[in-house]
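Coordinate analysis (summary)
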Amino acid sequence: MFFVTCVWRELRHRMRQAIFIALGLALGVGLVVTVAAASAGVTKAQAGVLGTLYGAATTVTVTGPKWQGPSTNPKGTLSPRFGPHGPEICVTGGKCTSAAGKTLSTNDTLTEGISVARVAAAARLPDVAAAAGGIFLNESSVSWPKNAASTARSGGIPRPGGRPPRGGPALPGGGRAGGYPLEGVDTGDPTLGPLGGASLISGRLFTAADAGAHVAVVDSTFAGSHRLRIGAVLPIVGPADAHGYAPAIKFTVIGVVRQAAGTNPPSVYVPLKAAQDLLWIQTGSPSLHGKVTSIYLAAASAADVPAVTQEITRLLPGTTVDSASNLATQVAGSVTSAVKLAHDLGRWLAVLVLVAAFAVASLLTMGAVTHRAVEFGTLKALGWRTRRIIAWVLGESLAVGLTGAAAGIALGYAGAAIIAAVTPSVSATVGLGDLLGGHSRLIGGSPVQTATVPLHLSVSAGLIALAVLLAVVGALLAGAFGSWRIARLRPACALSQVA
Amino acid sequence: MYQLSRVTKLYHKGRATVQAVNEVDLTIGDGDWLAIQGRTGHGKTTLLQLLGGLDHPTSGTIELDGQDITHMREAQVTRLRATSIGFVFQTFNLMQTLTAADNVEAALIPLRIGWAERRRRTAEALDSVGLSDRARHLPSELSGGQQQRVAIARALVKEPKVLLADEPTGNLDEDTREDIIALLERLWRERGLTMVLVTHETTVALRARRIAVMNKGRLAVRATGAAATSIGPVRSD
């Protein structure tokens, strides 16, 4: 009780100095709390972005190796070229015909397929909660007007029932190229993969009964530009016949979805089996019958992600395995800037302010000890041991530290609230090719996807404990410097300071 | 009580050396009251600090009740001060943030006495100096004489064997000076203390049983009043 009385009376006597030290500590601690809360918030937002982009449930994606097909087209393959008379379609080993007024549509992938048996094997891995296969295709078209110029450099084969592409980059001879990304979805578990992060606007999503059916779910932006509604028919080019013609397969639109502020998510989703049938070997892409181009996995828990990554790498050598953490490094946008700001500048600023606060506290405490030399010398004359006097000084420092901690936590909460009010959301952009493991042969447009997520800053119990610890350590450190001075103080010297 | 043998204290200031105490031999018996008189800067306070174990002599020995305090560990000397030696300072040296009672109680903390016992002894000590009604006052709320009374109470609350007073009336007016000296004399007689009082005032020194004079670090002792106690060699100025 006497000890508490001494500490309280002395702090009251030096109230201004104590408040100054406490405020300094509070500033440093408050900055640490704010930065940590912001860092946690943007990291969470980043994770939310990734979840939005490729499905909240997906934690690991596996993509097949790059297709190592023949360098030249096999005999009978149709390919465009620009001849002396304008755009043409030529049969490998055969004749060429004019492509004027015609449309060439293809769908392809540059990834070797992964057997569906491997999907089942991945699902049986010990740390995997669920696994689903997916197919990413690029539906692309080129078309030329009837008066295609002779200076055009490429051509196309007439496709019965083909639809001229909309927009797209111009080609020589007045041709236009276009396309859209298409995703084959496992209707047994549509939550895994890109469709898992989409919001249904109208119609319905796939059910298990849709496996293999010619039904499609379309992105809202694509639906708008192609004037598609529920029940509309969307022709998608199918596999080529022996003559190289690719009749369109008619898919019925059953649902329209929206990805969070996306600009180029997969435009069309079809059941996995239908996507396997769609691949046209005309351009030499591999057949995907009985195969998928990606596997989407959900780990049993966040802690199991590294183990799942290792297990799947062993199971499927040669594939590309991405988890949320390394995809996070590929995310761009304001969330990345926020993460860098919080981690780099914010962290160092907090450290600098804390160090400055500790230094000021130490200097002031040492100054106070010097000022109280006579007092401490008298106590030694009364028979007080040095450690008892040091305990008094450290007790004062501890009280100041706890006050600084409380104020710092309050400042941290305020800082987090201000940031949340000023920056209510962050955006993130990720390369769709990277996201889906390198299916990057879109014609026209960049393969990116952008999402906007709200920013929630929270101060956890662990963060509060850290704040208290920092303030207390800082204050005790300052007290330690003063205590060192006391330990070296000789009573006679201290008492003679008055004389 | 005290036996000093060829005690010397040197201070080194750069190249200069100050001989504060110069080969002092002194004996102070139990119950003795010795006044050490001399001009400012001639080593009176230094000698008092050596007697109280607040500093160590450069050479020589100081024995207190047969124990050589010059070669004791710091913790032992501190314990000795806590139990056996009381100090009174010229500037009172009270803790400005503690009340009169708290200041007195501070002297009992090293003795690890229970709270109730500390409070009882504190009240008795303040009562013995006539300040029971000022127990809850801060030093800033007390006069010079009252503050010195509190300091005396603090010095005596632990019932020491020795009281060392360094210019206890130096900061007081004449009337208050007389009160304080009278109080010290009364307490000395009542408790059988051994008291060593440093002063530059002859009127104060003459109240003591013996007077010693410090002159440039050298001590000369002469008897006054009652019969002289055994002393060491007398050194002239």
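Residues numbered from 1 in each chain as written. Chains lettered and ligands numbered in written order. Predicted model: local features only at pLDDT ≥ 70, side-chain atom pairs only at ≥ 80, totals over all residues.

**As for the overall build of chain A**
Secondary structure summary: chain A contains 13 helices and 19 strands in total. Put simply, 82% of the contacts in chain A that link residues at least 6 apart link residues at least 24 apart. (Helix = DSSP H or I, 4+ residues; strand = E, 2+ residues; numbered from the N terminus. Contact = placed C-beta atoms within 7 Å.)

**As for the sheet that holds strand E4 (residues 59-64) of chain B**
Residue and element names in this part refer to chain B. An order of E2-E1-E4-E5 is seen for the four strands of this open sheet, with the pairing classed as antiparallel. Lying at the two open borders of the sheet, with one neighbouring strand each, are strand E2 (16-28) and strand E5 (67-68). Bridge count for E4 against E5 is two bridges, and the pairing is antiparallel. If you follow Glu 63 over to E5, its bridge partner there is Asp 68. Together, strand E1 (2-13), E2 and E4 form the strand contacts of helix H1 (residues 44-51), whose direction differs from that of E2 by roughly 60 degrees. (Pairing = 2+ DSSP bridges. Axes fitted to C-alpha atoms, helices over the stretch in contact; angles between N-to-C directions.)

**Brief notes about the environment of Gln 19 of chain B**
Residues and elements named next belong to chain B. Residue position: Gln 19 is located in strand E2. Classification of Gln 19 by C-beta neighbours within 10 Å gives partly exposed; the count is 15. Along the primary structure Gln 19 and Gly 43 are separated by 24 residues, whereas in three dimensions their C-alpha atoms are 8.5 Å apart. For Gln 19, the contacting residues outside a window of four places in its chain are Leu 10 and Gly 217. (Buried ≥ 20, exposed ≤ 12 C-beta atoms within 10 Å, placed from the backbone.)

**Comments concerning helix H2 (residues 74-84) of chain B**
Where H2 of chain B is concerned, the buried positions are Val 77, Thr 78, Leu 80, Arg 81 and Ala 82 of chain B. On its buried side, H2 of chain B packs onto helix H9 (373-381) of chain A together with strand E6 (85-88) of chain B.

**Overview of the interface of chain B and chain A**
On the side of chain A, 22 residues touch chain B, which itself brings 24 residues to the contact. Counting residues per element, the ones that place at least two in the side of chain B that touches chain A are H1, H2 and helix H3 (100-106) of chain B. A total of five residues in the side of chain B that touches chain A trace back to one element, the largest contributor, which is H2 of chain B. For the side of chain B that touches chain A, the per-class residue count stands at eleven nonpolar, eight polar and five charged. (Nonpolar A, V, L, I, M, F, W, Y, C, P; charged D, E, K, R; others polar.)

**A closer look at the pairing of strand E16 (residues 294-299) of chain A**
All names here are of chain A. In terms of burial, E16 is largely enclosed, as six of its six residues are buried. Here strand E1 (residues 60-63) pairs with E16 via four bridges, running antiparallel. Bridge pairing links Val 62 to Ile 295 in E16. One ladder, built from six bridges, connects strand E7 (residues 128-143) with E16; its direction is antiparallel. Bridging from a neighbouring strand, Gly 134 pairs with Ser 294 of E16.

**As for the packing of helix H5 (residues 144-156) of chain B against helix H6 (residues 174-191) of chain B**
Residue and element names in this part refer to chain B. Their axes nearest at 10 Å, the elements H5 and H6 cross at an angle of 15 degrees. Between H5 and H6, the crossing angle belongs to the class labelled roughly parallel. Relative to H6, H5 is oriented so that their crossing is right-handed. Contacts from Gly 144, Gly 145, Gln 148, Arg 149, Ile 152 and Leu 156 of H5 reach H6 at Thr 176, Asp 179, Ile 180, Leu 183, Leu 184 and Leu 187. Class assignment of the residues belonging to the contact of H5 with H6 gives a composition of six nonpolar, four polar and two charged. (Parallel < 35°, antiparallel > 145°, perpendicular 65-115°, else oblique. Left-handed = near helix turned anticlockwise from the far one by under 90°.)

**Describing the confidence of the model for chain B**
For chain B, per-residue confidence averages 86 on the pLDDT scale, and residues scoring 70 or more make up 94% of the total. Here strand E10 (residues 218-223) of chain B stands out as the element of chain B with the lowest mean pLDDT, 77, in contrast to H3 of chain B, whose mean of 95 is the highest. (pLDDT = per-residue confidence, 0-100.)

**Observations regarding the packing of helix H10 (residues 386-422) of chain A against helix H12 (residues 461-488) of chain A**
Packed helices, taken two at a time, are described by the angle between their axes plus the distance between the axes. Residues and elements named next belong to chain A. Two numbers describe how H10 lies on H12: the axes approach to 7 Å, and their chain directions differ by 150 degrees. What the angle tells us is that H10 and H12 run roughly antiparallel. Of the two possible hands of crossing, H10 and H12 adopt the one that is right-handed.

**A closer look at the pairing of strand E11 (residues 215-219) of chain A**
All names here are of chain A. Burial of E11 is extensive: five of the five residues sit out of reach of the surface. Because side chains alternate across E11, one face comprises the buried residues Val 215, Val 217 and Asp 219, and the other comprises Ala 216 and Val 218, equally buried. Across five bridges, the pairing between E11 and strand E13 (residues 248-258) is parallel. Across the sheet, the residue bridging to Val 215 is Thr 252, located in E13.

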